[in-house]
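As a plain string of letters, each chain reads:
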Amino acid sequence: MDKAAAIRLVIFDVDGVLTDGSLFLGDDGQEYKAFNSRDGHGMKMLQATGVEIGIITGRTSQVVSYRMDSLGIKHVYQGQLEKLPAFEELIQRLGVTTEQVAY
C-alpha cells in the first residue's frame, strides 16, 4: 500500500495494453483500434486522484490521439520505438522519481 500511495505517474503502452492488439485497416489505409471503455474509466479515476497519465507507444496513430484527447491525457508519446528516452523526458518534465512511476 505504501508503494501504491507514492505513485504520481502511470504510463501505458497502447497496442495489447489499452487494446486487444487487433489492428483494423480500412481500404483507404485508415487505422482503427478497439479501446475498452473500462480502461478509460479507470484512467479518469486515477486522474481524479491527482495521478498523471502518460502514454508511450511504438506506433503512431491518429485514433490514439483522439482517444487520449477525449480522456484528457496530455502526455502522449507516439512513434517511440525506443521508449526509455520518452520515459526519461516525461519524468523530468513532471519532476517525479522512478519510484513514483508505475508502468
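Here is what the cut-offs are and how they apply
Residues numbered from 1 in each chain as written. Predicted model: local features only at pLDDT ≥ 70, side-chain atom pairs only at ≥ 80, totals over all residues. Heavy atoms only, no water. Helix = DSSP H or I, 4+ residues; strand = E, 2+ residues; numbered from the N terminus. Buried < 20%, exposed > 50% of the residue type's maximum accessible area, 1.4 Å probe, protein only. Areas by Shrake-Rupley, 256 points an atom, 1.4 Å probe, with all protein chains shown as cover. Lys, Arg positive; Asp, Glu negative; His and termini not counted. Charge placed at Lys NZ, Arg CZ, Asp CG, Glu CD. Core = buried A, V, L, I, M, F, W, Y, C linked by side-chain atoms within 4.5 Å. Contact = heavy atoms within 4.5 Å. Pairing = 2+ DSSP bridges. Phe/Tyr/Trp six-rings, centres within 6.5 Å; stacked < 30°, edge-to-face > 60°. Axes fitted to C-alpha atoms, helices over the stretch in contact; angles between N-to-C directions.

1. Here's the deal with the overall build of the chain
Part 1: Helix and strand counts for the chain come out as 4 helices and 6 strands.
Part 2: Counting helices and strands in the order they occur from the N terminus, the chain gives α-β-β-β-α-β-α-β-α-β.
Part 3: Across its three principal axes, the chain shows a C-alpha extent of roughly 50 × 30 × 20 Å.
Part 4: Within the chain, the proportion of its 103 residues that are buried is 32%.
Part 5: As displayed, the chain has an accessible area near 6600 Å², and 52% of this comes from carbon and sulfur atoms.
Part 6: For the chain, the distance from the average position of its 10 positive side-chain charges to the average position of its 14 negative side-chain charges is 6 Å.

2. Points about the side chain of T57
Part 1: Among the secondary structure elements, T57 is positioned in the loop between β4 (52-56) and α3 (62-71).
Part 2: Classification of T57 by relative accessible area gives buried; the value is 2%.

3. Comments concerning the nonpolar core
Part 1: F12, M43, I55 and I73 are the most contacted members of the largest nonpolar core, which totals 14 residues.
Part 2: Looking at this core, the elements with two or more residues in it are β1 (9-12), β4 and α3.
Part 3: The element that contributes the greatest number of residues to this core is α3, accounting for 4 residues.
Part 4: If sequence neighbours within four positions are ignored, I55 has contacts with F12, V14, L18, M43, M68, I73, H75, V76 and Y77.
Part 5: Formed by 10 residues, the second largest nonpolar core is a distinct cluster that contains I11, I56, F87 and I91.

4. Digging into the pairing of β1
Where a strand is regular, its side chains alternate between the two sheet faces.
Part 1: Side chains of β1 alternate between two faces, with L9 and I11 and V10 and F12 buried alike.
Part 2: For β1 and β4, the ladder comprises 4 bridges, and the chain directions are parallel. What sits directly across from V10, in β4, is I53.
Part 3: Both β1 and strand β6 (residues 101-102) contribute to a ladder of 2 bridges, which runs parallel. Residue pairing in the sheet places V10 in a bridge with A102 of β6.

5. Some details on the packing of aromatic side chains
Part 1: Inspection of every chain in the model, using the stated rule, returns 1 aromatic pair.
Part 2: Centroid distance F87 to Y103: 5.4 Å. Interplanar angle 65 degrees. Geometry classified as edge-to-face. With F87 in helix α4 (residues 83-94) and Y103 in the segment after β6, this residue pair connects regions lying 16 residues apart in the sequence.
Part 3: When its relative accessible area of 12% is taken as the criterion, F87 is described as buried.

6. Looking at the sheet that holds strand β5 (residues 75-77)
Part 1: Read across the sheet, 4 strands follow the order β5-β4-β1-β6 without closing on themselves; strand pairing throughout is parallel. The open sheet has two edge strands, β5 and β6, and neither has a second partner.
Part 2: Each of β1, β4, β5 and β6 is contacted by α4, which is oriented at about 160 degrees to β5, the strand it contacts most.

Without other data, these values stay purely geometric and don't point to any function.
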